[in-house]
Each structure stands twice: as structure tokens, then as C-alpha cells.
Amino acid sequence: MLDLDALKARYRELAGEEPEGLWFAPGRVNLIGEHTDYNDGFVLPFALDKMAVIAGGRRDDDQLVFISLELGDEIWTPVSELEPGTQGWHSYLAGVVWALREAGHDVGGANLVMTSDVPLGAGLSSSAAIECATVATLADLYGLDIDPMERAKIARVAENAYVGAPTGLLDQAASTLCQADHGLFLDCRTLETEHVPLPMAEQGYEMLVLDTKTPHSHVDGEYGTRRATCEAAAEKLGVPALRDVTDLDAALSQLDDETMVKRVRHVVTENERVLKAFDLARTADLSELAPLLDASHASMRDDYEITVPTVDLAVDTAKASGALGARMTGGGFGGCIIALTRAGEAERIGQDIADAFDEAGFGEPVWFTVTPAPGAGRLA
Ligand code: GLA
């Protein structure tokens, strides 16, 4: 639970005055479209009602002061000394200041005191929440006129160039652009978006999010390796990106590397699933999405090879317990699964997964239900 009184109190203790405002940005769940973003493909995430909140105010001494109620206390850095590659939790905020300045925006010193209830390392974009909340804060503090897609891109530059994680735009776009009760369809090449209604409660469904507590990170090698294989495959196939593969069988017959075949098959079929999900969500009962969620999981498990035993057990148990569809969400190698369930069943299914984990000797998972929440903005 977020403690905004504690946040403001810590700000007052630092600055001797009230913050100029409070800004927030949420974590996200990706409904479908995994590892498609950096292949110029399609994604369909929605924002969580878990978020990073920043109490912010300008300083006139050119210093940045970062505080996180959860992660660490008072790091001081002069704006002129921001250095890409700096490690630590504050690099997600510092990186945004750096990226804004690189983009030509006149940003100076600031006090940035943060709190967040987005679970860390769970594949729910805790880092994008921090980055996007920082963009929102600094844009208002320094009167910058930056449209929402540009904000997402700046947050991504912070992640890629400053923090050093070679991710796509999915997380930052979701955290910035999502709307309540809607999913965000994003074409990662054209950057066209459409807000798709996801009336889960209205149609009698719930979305369970279960954190397997198997931590993951994108700064390590596996994510980058997947990305490099996709780029190499696109080059071999003579297309700008795997998004441009239109005849899967023909493409696969041109590849002799088994790993590359699998990676390409995942990306191409996952893009197709996102497009189907996009159509269905616009016109049909949401339960029709369920087979797509299942197929996406199988593809991540067998072709992209980014699931782990805890995640697979969670998905299999969810299905055996009556979930309509289930899949891992996020970058992989741990983190969370989502399961579409009938209303009133999510809690029991979460408990069934916890029991299965216990039996298998895995640690205790954490679970909750979610409804699509709004993207970044000003709280107060
Ligand atoms: C992480 C990255 C995203 C995306 C997903 C996989 O969340 O930050 O850019 O690639 O993994 O879909």
C-alpha cells in the first residue's frame, strides 16, 4: 500500500517545504504480445492500479536529490554529472533527466522523493513506472510541452541508454498511454495506438495476476540474446524486422539454425495472436481471448524458451483449476502469470497454485486481481 503521507513528510524533511506536486505512473500487465515490440510488431498491454508516485519540486542549485521510501535514501547528483551506465535504483530517475536533456529539454535540479507498490522484478514494469513518473514530474516542474508518445520514448531512452537494458517500447508506452478499463493496442513500428475496451467485470470475468516470486532482470544476457537472434534472423531473411515476415513457412524454410527457427516462429505467430486479440476484444466476449493466451504461453515455453518451471506450473495449475486462459506476462525467466477467470474464481485459483507450489517445493507466490487502470499523470 502506498503511504502518501509518509512520502510528503519525507519530502518536507528534505526540502523544508511542501512538494510542488505529486505525479504517478503505473506498472503494467501485458495481455498479449511478448517480445514483439523490438521486432517492430504489436502489443496489447493494460496498466495496473499499482504505481510509482513521486513528490517533486525544483531546486535552483543544479542538484538532483533522489529518495525512495523503499529502495534507498538521499542520493545527490549534480545535473551536469549524469553518467550513462550508472548502477542503482536511482538510475531509473537520473536516466530520465539525462534523456530529457539529450532530447534538448531544459531541465535543472530537482528533489524527487519516490514510493512505489509495483512489485520489483516481477515482470510488471516496476522500472517503467519509475521512469514514466519521473517524466511526468519533470515535464510539469519545468513546463515542458511533450506529448504522451514522446514521453514514453524518452522513458525508453533512459532504460536503454542510461540503465543499459535493451528493451522495446512496450512498458513505457503502457505506463504512459493506457486508459482505465481499456487495453492499449500499439503498433511498435508506426506507433499508432488504439484503446480497446476490456470490460472484464461487466462480462463476468476477473484477471488474476500471480507473482511466482522467481525474480528476473533485463540487464542480464538472455533478453539481449533473444533480441540479437531476432535481428540476425531478420537480416538473413532480408527484411527490416521480423514484423515483415508474411509467409512463415517460406521464411522458416530459409533458416537452417533450429534456435533461429523457433524464435522466428514465436515472434511471427505472437504478432498474429495480438492482431486476433485486438479484433476479438473490439467485437466479442472476452472469453474468446482465452485460447490466444494459452497459445501465447505455449509459444513462449516451446519456441522462445523464456519460461521457467515455476511459471509453467502456475499456468498449468491455473488451467487445471478452471482458468479460461493463462500465460506468463512480461519479459520472462520468472515473474508473473495472468489468468482470465470467471468472476469469483480468481482467489481460489490463486490458492490452488500456491498449494501446487508448496507440493513442488517452490516458494510461496503472491496473487491479486487487476482491472485496467489509467496511465501516468498528476495526482495532486
Ligand atoms: C520487457 C521489455 C519490453 C518487452 C517485454 C517482452 O518487459 O521491457 O520491452 O520486450 O519484456 O514482451
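In this text, all values refer to a predicted model and were calculated from it rather than measured experimentally.

The rules behind the values
Residues numbered from 1 in each chain as written. Predicted model: local features only at pLDDT ≥ 70, side-chain atom pairs only at ≥ 80, totals over all residues. Heavy atoms only, no water. Helix = DSSP H or I, 4+ residues; strand = E, 2+ residues; numbered from the N terminus. Buried < 20%, exposed > 50% of the residue type's maximum accessible area, 1.4 Å probe, protein only. Contact = heavy atoms within 4.5 Å. Domains from an automatic or database assignment. Salt bridge = Lys/Arg side-chain N within 4 Å of Asp/Glu carboxyl O. Near = heavy atom within 4 Å. Polar contact = N/O pair within 3.5 Å; in protein donor to acceptor, adjacent residues only side chain to side chain. Nonpolar A, V, L, I, M, F, W, Y, C, P; charged D, E, K, R; others polar. Expected span 1.5 Å × (residues − 1).

Undergrad: Before we go on, may I ask you to explain the overall build of the protein chain in this structure?
TA: Broken down by element type, the protein chain carries 11 helices and 12 strands. Referenced to the eigenvectors of the C-alpha coordinate spread, the extents of the protein chain come out at roughly 60 × 50 × 40 Å. Across the 380 residues of the protein chain, 59% fall into the buried class. Relative to all contacts within the protein chain whose residues are 6 or more apart in sequence, the contacts with residues 24 or more apart total 72%.

Undergrad: Hey, could you run me through the domain arrangement of the protein chain in this one?
TA: Buried accessible area, meaning the area lost when the parts come together, often serves as the stated size of an interface. Per the domain assignment, the segments making up the protein chain are domain 1 (4-196 + 374-378) and domain 2 (198-370). A separation of 25 Å is found between the C-alpha centroids of domain 1 and domain 2. Contacts between the two partners involve 40 residues from domain 1, matched on the other side by 48 residues from domain 2. At the boundary of domain 1 with domain 2, the tally comes to four salt bridges.

Undergrad: Would you explain the environment of Ala356 in this entry?
TA: Summarising the element assignment, Ala356 is placed in helix H11 (residues 346-360). Taking the C-alpha atoms as reference points, Ala356 and Arg156, separated by 200 residues in sequence, lie 37 Å from one another. For Ala356, the contacting residues outside a window of four places in its chain are Leu313 and Thr317.

Undergrad: Is there a simple way to think about the site of the ligand in this case?
TA: Taken together, 13 residues form the shell around the ligand, and within it Glu34, His35, Asp37, Asp171 and Tyr223 come nearest. In this structure, Arg28 approaches the ligand through a side-chain N or O atom, which is 3.0 Å from an oxygen atom. Within the side chain of Asp171, an N or O atom sits 2.5 Å from an oxygen atom of the ligand. Of the residues assigned to the shell around the ligand, the class counts are three nonpolar, six polar and four charged. Of the residues that make up the shell around the ligand, three or more belong to each of domain 1 (4-196 + 374-378) and domain 2 (198-370).

Undergrad: How should helix H8 (residues 258-283) be read in this particular structure?
TA: A turn of α-helix holds 3.6 residues, and therefore any two residues three or four places apart point the same way. In a regular helix each residue adds 1.5 Å, so 26 residues correspond to 38 Å; H8 covers 38 Å between its end C-alpha atoms and thus fits that length. In this structure Asp257 caps H8, since a side-chain oxygen of it lies 3.2 Å from the backbone nitrogen of Thr259.

Undergrad: I'm lost on the pattern of salt bridges in this one. Help?
TA: Any two side chains of opposite charge can pair, on the condition that their charged atoms come close. Applying the stated criterion to the full structure yields 26 salt bridges. Across the salt bridge formed by Arg243 and Asp187, the nearest N and O atoms sit 2.9 Å from each other. With Arg243 in the loop between helix H6 (221-237) and helix H7 (248-253) and Asp187 in strand E6 (residues 182-187), this pair connects stretches of sequence that are 56 residues apart. A residue is classified by how much of its surface remains accessible, and Asp187, at 7% relative accessible area, is buried. The shortest N-O distance in the salt bridge between Glu270 and Arg273 comes to 2.9 Å. Of this pair, Glu270 and Arg273 are both found in helix H8, three residues apart, which corresponds to roughly one turn of the helix. Glu270 gets classed as buried once you look at its relative accessible area, which sits at 0%. For Arg273, a relative accessible area of 9% corresponds to the buried category. Three or more residues are tied together by salt bridges with common partners; here these are Arg10, Glu13, Asp73 and Glu74.

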